[in-house]
Amino acid sequence: MDKRALAHVFRARLQSVFDRSRLNQAAFAQGIGIDRSALSLLLSGRTVRLPRVETLLAIAERHAVTIDWLLGLSEDEGVTGAMLSTGTIETTEEDGASLLMRWHAEAAGTKIRYVPARIPDLLRTNAVIAYEASAAHQSPLAQVEDAAFRLEYNRAAGTDMECCMPLQTLEQFAAGAGIWSGLSKTARAAQVVHMSALIDELYPSFRLYLFDGRERFSIPYTIFGSTRVAIFAGQMYLVLSSAETIRTMQRQFEGLIRHARVHAHEAADFVRGLKVG
């Protein structure tokens, strides 16, 4: 489902919830923590932007519907689909953006743990996103929107995210080695400045740890609180939700942090000190 179709489904379901509430726009908006003009815009169809995570949660909680239903991922508006103890495959091509939005929203108030495939999405500049998307023959638009959503999520009060990755990934990026050999020095320097500034801004709600990739290895994955682990596999996610699997992946992540060479309070300085070649 693309962003425009997703916005259309959300708008129709929001209208349904609003109509059933028998409230006027001012009262409905107040109940979900936004102003009347923002609600009017969401209902009007004049924008394809979706509301903030906090607003989605407020609508779901106050009006007894699920986030899945609001985003068109389920036809059951009152019951969240049962989690599978075995793995499921979710493709990023069809509804990756809305899946990530749902998973982050459902994990609000809990700790999210994240091992990125490359540079963490919320820390990437648009130039880096465009470069990586072009190399993979993908449109950068969805990735730009996803990065903006993740950054907005981490700027919200009460969020808690730990990120752990090999320090060599950042060193190779700064040097323009490997997959980044075609990215200009100017773009790489701008990414380093952007990334270090965001690490400073978001700390301590976002904490970046760097381990030595020669000592440790990890596949890219995200642990969404105690609800699921999403393992990134290119154009799809392998989603695991059994309690034992989640605990195992949490222990693996804690092992990466224990072996970190650069700790969260040192990460911004480490990034600033990278030599861009």
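Residues numbered from 1 in each chain as written. Predicted model: local features only at pLDDT ≥ 70, side-chain atom pairs only at ≥ 80, totals over all residues. Heavy atoms only, no water.

Colleague: Please clarify how empty space enclosed by the protein should be interpreted in this entry.
Modeller: Taken as a whole and assessed by the stated rule, the structure comprises one cavity of 30 Å³ or more. Here the largest cavity defines a volume of roughly 40 Å³. Counting residues per element, the ones that place at least two in the lining of the largest cavity are α1 (3-21) and α3 (36-44). The biggest single contributor to the lining of the largest cavity is α1, with three residues. (1 Å grid on protein atoms, 1.4 Å probe; cavity = no way out; pocket = protein on both sides within 12 Å on 5 of 7 lines; lining within 4 Å. Points joined across faces, edges and corners; volume = space filled by probe spheres on them. Helix = DSSP H or I, 4+ residues; strand = E, 2+ residues; numbered from the N terminus.)

Colleague: How should I be thinking about the pattern of salt bridges in this particular structure?
Modeller: Pairing is possible between side chains of opposite charge, provided their charged atoms come close. The final tally for this structure, using the stated rule, is 18 salt bridges. One salt bridge connects R207 with D160, and the closest N-O pair in it is separated by 2.7 Å. Of this pair, R207 sits in strand β4 (residues 206-211) while D160 sits in strand β3 (residues 160-166), and the two are 47 residues apart along the sequence. Ionic contacts of the salt-bridge type, sharing partners, join the residues K111, R113, D160, E162, R207 and E254 into one network. (Salt bridge = Lys/Arg side-chain N within 4 Å of Asp/Glu carboxyl O.)

Colleague: When you look at the side chain of Q143 in this model, what are you seeing that I'm missing?
Modeller: If you trace the backbone, Q143 turns up in helix α8 (residues 140-155). Of note is the side chain of Q143, whose polar atom sits 3.4 Å from the side chain of R124. Once residues lying within four places of it in the same chain are set aside, the contact partners of Q143 are R124, I129, A133 and Q138. (Polar contact = N/O pair within 3.5 Å; in protein donor to acceptor, adjacent residues only side chain to side chain. Contact = heavy atoms within 4.5 Å.)

Colleague: I'm lost on the environment of Y209 in this one. Help?
Modeller: The residue Y209 is located in strand β4 in this model. In this structure the C-alpha to C-alpha distance between Y209 and C164, which are 45 residues apart in sequence, comes to 4.7 Å. Setting aside its immediate chain neighbours within four residues, Y209 contacts E162, C163, C164, M165, I257, A260, V262, H263 and A264.

Colleague: Would you mind showing me how to read the pairing of strand β7 (residues 236-240) here?
Modeller: The side chains of a regular strand alternate, first on one face of the sheet and then on the other. Of the strand pairs in this sheet, strand β6 (residues 228-232) and β7 are connected by four bridges, and their pairing is antiparallel. Note on β7: the bridge partner recorded for F232 is Y237. The turn linking β6 back onto β7 is made up of three residues, and G234 within it adopts a positive phi angle of 80°. (Pairing = 2+ DSSP bridges.)

Colleague: Sorry, what's going on with the packing of aromatic side chains here?
Modeller: Aromatic rings in a pair are described by how distant their centres are and how their planes are angled relative to each other. Summed over all chains, the structure comprises six aromatic pairs. Relative to F28, the ring of F18 has its centre 5.3 Å away and its plane inclined at 90°; by these criteria the two rings are edge-to-face. Here F18 is found in helix α1, whereas its partner F28 is found in helix α2 (residues 25-31), with ten residues between them in sequence. Accessibility classification places F18 together with F28 in one group, the buried group. Between F173 and W180 the ring centres are 5.3 Å apart and the planes differ by 80°, which places this aromatic pair in the edge-to-face class. Relative accessible area serves as the criterion here: at 3%, W180 is assigned to the buried category. Among the aromatic side chains, those forming a connected cluster through ring pairs are W103, F224, F232 and Y237. If you follow R150 out to its NZ or CZ, it ends over the ring of Y114, 5.3 Å from the centre. (Phe/Tyr/Trp six-rings, centres within 6.5 Å; stacked < 30°, edge-to-face > 60°. Buried < 20%, exposed > 50% of the residue type's maximum accessible area, 1.4 Å probe, protein only. Lys NZ or Arg CZ within 6 Å of the ring centre and 35° of its normal.)

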